[in-house]
Amino acid sequence: MTPTRFADVKGFLPENEGEQLANWARESASLGPLLEIGSYCGLSTLWLAEVARESNTVVFAVDHHRGSEEHQVGEFFHDEALVDDAGRFDSLPEFRRNLLANDAEDVVIPIVAPATLVARHWTTSLGLVFIDGGHSLDAALADYRNWSQHVVKGGLLVIHDVFRNVAEGGQAPHAIWQLAKQSGLFEPVGSCESIRALRRL
Ligand code: MG
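Parameters and conventions
Residues numbered from 1 in each chain as written. Predicted model: local features only at pLDDT ≥ 70, side-chain atom pairs only at ≥ 80, totals over all residues. Heavy atoms only, no water. Phe/Tyr/Trp six-rings, centres within 6.5 Å; stacked < 30°, edge-to-face > 60°. Helix = DSSP H or I, 4+ residues; strand = E, 2+ residues; numbered from the N terminus. Lys NZ or Arg CZ within 6 Å of the ring centre and 35° of its normal. Core = buried A, V, L, I, M, F, W, Y, C linked by side-chain atoms within 4.5 Å. Buried < 20%, exposed > 50% of the residue type's maximum accessible area, 1.4 Å probe, protein only. Contact = heavy atoms within 4.5 Å. 1 Å grid on protein atoms, 1.4 Å probe; cavity = no way out; pocket = protein on both sides within 12 Å on 5 of 7 lines; lining within 4 Å. Points joined across faces, edges and corners; volume = space filled by probe spheres on them. Nonpolar A, V, L, I, M, F, W, Y, C, P; charged D, E, K, R; others polar. Pairing = 2+ DSSP bridges. Axes fitted to C-alpha atoms, helices over the stretch in contact; angles between N-to-C directions. Donors = N, O, S within 2.8 Å, 3.2 Å for Na, K, Ca; no water.

(A) Main features of the packing of aromatic side chains. Enumeration over the complete set of coordinates arrives at 7 aromatic pairs. Geometrically, the ring pair formed by Phe12 and Tyr40 is tilted, given 5.2 Å between the ring centres and 40 degrees between the ring planes. In this pair, Phe12 sits in the segment before helix 1 (15–28) while Tyr40 sits in the loop between strand 1 (34–37) and helix 2 (43–54), placing the two residues 28 residues apart along the sequence. Look at Phe76 and Phe77: their rings are 4.9 Å apart centre to centre, the planes differ by 90 degrees, and that puts the pair in the edge-to-face class. Pairwise contacts between aromatic rings join Phe12, Tyr40, Phe76, Phe77 and Phe89 into one cluster. Against the face of Trp177 rests Arg196, its NZ or CZ located 4.2 Å from the ring centre.

Below, the structure is given as structure tokens:
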């Protein structure tokens, strides 16, 4: 049995989903750079970084690193180890440590800012956009509206935490997956657990 990849990197991306993400990135990296929204400690970033290196491209890793709703103090996914001296959530030091430890600093471009702010000034076409940011409906809708337009024809829009039933998880990622599917601009290409991809037509 092969050892688990990135076993010491905190995150919410099971290995089979990480492999699937990397496979989709491999299909689309020749079309343009890869961009993810929601890097947290860098687990998905590292899966993408490997492909970026092979494909001679880069990963833009967009995250304000102040955590989503569910990471805040007292919330379900809060991690006491990711709190700065002022008592605020901060995943950036851990993210940077993981990039360095996995030799990924030369293919990852961290953008430490809210995705909506970055989007206002973004003009670069992308081979793959991976949406894994805030899971409120507002946040997910904003990410979809702001970033799906930058996926090049033939490129992929990938969404994490898409659950069909409320019992499995929040419905915002599923809502934007539906929107993309119904937009006429994307066609579904596949899924693995809760990660799904659509191709820009
Ligand atoms: Mg996720």
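Still more ground to cover, so stick around.
(B) Summary view of the nonpolar core. With 30 residues, the main nonpolar core has Leu34, Val108, Leu128, Val158 and Ile195 as its most contacted residues. Counting residues per element, the ones that place at least two in this core are helix 1, helix 2, strand 2 (59–62), helix 3 (92–101), strand 4 (126–131), strand 5 (151–159) and strand 7 (195–200). Sort the elements by how many residues they give to this core and helix 2 lands first, with 7 residues. Dropping the residues within four chain positions of it, Val158 is found in contact with Leu21, Trp24, Leu128, Val129, Phe130, Ile131, Ile195, Arg196 and Ala197.

(C) Fine view of the layout of surface pockets. Approximately 600 Å³ is the volume attributed to the largest pocket. Around the largest pocket, the lining comprises 34 residues; the ones closest to its centre are Gly38, Ser68, Asp132, Gly133 and Gly134. Broken down by secondary-structure element, the contributors of at least two residues to the lining of the largest pocket are helix 2, helix 4 (115–119) and helix 5 (137–147). Here the lining of the largest pocket is built from residues that sort into 12 nonpolar, 15 polar and 7 charged.

(D) Just the environment of Pro33, in detail. Residue position: Pro33 is located in the loop between helix 1 and strand 1. Overall, Pro33 belongs to the buried group, its relative accessible area being 18%. For Pro33 and Gly127, which are 94 residues apart along the polypeptide, the C-alpha to C-alpha distance reads 5.4 Å. For Pro33, the contacting residues outside a window of four places in its chain are Thr57, Val58, Phe60, Thr124, Ser125, Leu126, Gly127 and Leu128.

(E) Expanded view of the sheet that holds strand 5. The 7 strands lie next to each other as 3-2-1-4-5-7-6, forming an open sheet whose pairing is mixed. Of all strands in the sheet, those bounded by a partner on one side alone are strand 3 (108–111) and strand 6 (186–192). This sheet shows a mean twist of 20 degrees between the axes of neighbouring strands, independent of strand direction. Pairing of strand 5 with strand 7, which is carried by 4 bridges, proceeds in the antiparallel orientation. Each bridged residue has a counterpart across the sheet, and for Leu156 the counterpart in strand 7 is Arg199.

(F) Representation of the coordination of the magnesium ion within the structure. Only Asp132 (OD), His160 (ND1) and Asp161 (OD) from the protein reach the magnesium ion as donors, at distances of 2.1 to 2.3 Å. Taken in sequence order, the residues that donate to the magnesium ion follow the motif D-x27-H-D. Residue Asp132 is located in the loop between strand 4 and helix 5, and its partner Asp161 is located in the loop between strand 5 and helix 6 (172–182); the two are separated by 29 residues in the primary sequence. Neither Asp132 nor Asp161 differs from the other in exposure class; each is buried.

Read these as layout, nothing more, since geometry by itself doesn't imply function.
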